[in-house]
Amino acid sequence: MKDNTPALELAFPVRARDFLAGGDGAARIRQVLQQVGFQPAIIRRVAIAAYEAEMNIVIHSFGGELKACITPEAITITALDTGPGIPDIDLAMQEGYSTASREIQEMGFGAGMGLPNIRRCADELEITSTMGEGTRVKIVIYNR
């Protein structure tokens, strides 16, 4: 992408408990980044962060949206959901901490690694959550 290229905006609806479609938005973002020529290391970080954010919507919310804003300088992923909210973001950031039900964990999800994995991939991470309303996760990965 050239520096004068306008931002490329993508948005994908995410349905609660739709494990079959979970990850589709992240996969599409990865494909677009490959098509426009981002480096594999950047694409991998974005794909992991977007997948984890998307699956958190599937697992923990009533549904939401995964968005990507792609510029030559950075990729910004925003995950927005309607849901119960995160009561303690610091606790949720701890590896292994999960509020996922036993049923979800038995499916192989909800191991408490989503937010820590996002943090590892992100250059910037901002999480805001309102109890009873939902959560917004903003991830920025710079193209360096």
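Right above here is the structure, for reference.
Reading guide: rules and limits
- Every chain's residues receive numbers from 1 upward, in the order its sequence appears when written.
- Per-residue local features of the predicted model are confined to residues with pLDDT of at least 70, and side-chain atom pairs are confined, for both listing and counting, to 80 or more; whole-chain, interface and lining totals are unaffected and use all residues.
- With hydrogens and water set aside, each side-chain value is computed from the structure's full complement of heavy atoms.
- Secondary structure elements are taken from DSSP: a helix is a run of H or I of four residues or more, a strand is a run of E of two residues or more, and numbering for both begins at the N terminus.
- Two things to know: the radius of gyration comes from C-alpha atoms, and the globule rule equals 2.2 Å times the number of residues to the power 0.38.
- Think of it in three bands: residues with accessible area under 20% of the maximum for their type are buried, residues over 50% are exposed, and the middle band is partly exposed, with areas taken using a 1.4 Å probe on protein chains only.
- By definition, residues are in contact when any of their heavy atoms lie within 4.5 Å.
- Residue burial considers only the protein chains on display, and all accessible areas are found by Shrake-Rupley using a 1.4 Å probe.
- We define a salt bridge as a contact between a side-chain nitrogen of Lys or Arg and a carboxyl oxygen of Asp or Glu at a distance within 4 Å.
- Each axis is a line fitted through C-alpha atoms, and for a helix only the stretch in contact is used; angles between axes span 0 to 180 degrees, taken between their N-to-C directions.
- Should an angle fall under 35 degrees it is taken as roughly parallel, and over 145 as roughly antiparallel, whereas 65 to 115 is taken as roughly perpendicular and any remaining angle as oblique.
- The crossing is said to be left-handed when, going from far helix to near helix, the turn is anticlockwise and less than a right angle, and right-handed when the turn is clockwise.
- Think of a 1 Å grid over the protein atoms and nothing else: a 1.4 Å probe that fits but is trapped marks a cavity, an open set flanked by protein within 12 Å on at least five of seven lines marks a pocket, and residues with an atom within 4 Å of a point count as lining.
- Grid points are joined across faces, edges and corners, and a volume is the space filled by probe spheres set on the points.
- Any residue that is not Ala, Val, Leu, Ile, Met, Phe, Trp, Tyr, Cys, Pro, Asp, Glu, Lys or Arg is counted as polar, Gly included; the first ten are nonpolar and the last four charged.

## Thoughts on the overall build of the chain
Within the chain, the regular secondary structure consists of five helices and five strands. Reading the chain from its N terminus to its C terminus gives the helix and strand order β-α-α-β-β-α-α-α-β-β. Taking 144 residues into account, the globule formula puts the C-alpha radius of gyration at 15 Å, and the chain, at 15 Å, falls close to it. Taken over the C-alpha atoms alone, the chain extends approximately 45 × 30 × 25 Å along its principal axes. Out of the 144 residues belonging to the chain, those deemed buried represent 44%. Counted over contacts in the chain with a minimum sequence separation of 6, partners at least 24 positions apart contribute 64%. Just so you have it, the chain exposes about 7700 Å², and 50% of that area is on carbon and sulfur atoms.

## A look at the pattern of salt bridges
Pairing is possible between side chains that carry opposite charge, provided their charged atoms lie close to one another. Enumeration according to the criterion identifies six salt bridges in this entry. Ionic pairing is found between Arg45 and Asp123, a salt bridge with its closest N-O pair at 3.0 Å. Here the residue Arg45 occupies a position in helix H2 (residues 40-60), and Asp123 occupies one in the loop between helix H5 (114-121) and strand S4 (124-130), the gap between them amounting to 78 residues. A salt bridge links Lys67 to Glu65, with the nearest nitrogen and oxygen atoms 3.7 Å apart.

## Comments concerning the packing of helix H1 (residues 24-36) against H2
Two packed helices can be described by the angle between their axes and the distance between those axes. One can describe the packing of H1 onto H2 by two numbers: an axis separation of 8 Å at closest approach and a directional angle of 160°. In terms of axis orientation, H1 runs roughly antiparallel to H2. Viewed along their axes, H1 and H2 form a crossing whose handedness is right-handed. Residue-level inspection shows Asp24, Gly25, Ala26, Ile29, Arg30, Leu33 and Gln34 of H1 in contact with H2, the latter providing Ile43, Val46, Ala47, Ala50, Tyr51 and Glu54.

## So, the layout of surface pockets
One number sums up the size of the largest pocket: a volume of about 690 Å³. Taken together, 36 residues line the largest pocket, and the ones lying closest to its centre are Asn56, Ile59, His60, Thr99 and Leu115. Of all elements in the fold, only H2, strand S3 (74-82), H5 and strand S5 (134-142) reach the threshold of two or more residues within the lining of the largest pocket. By residue class, the composition of the lining of the largest pocket is 20 nonpolar, twelve polar and four charged.

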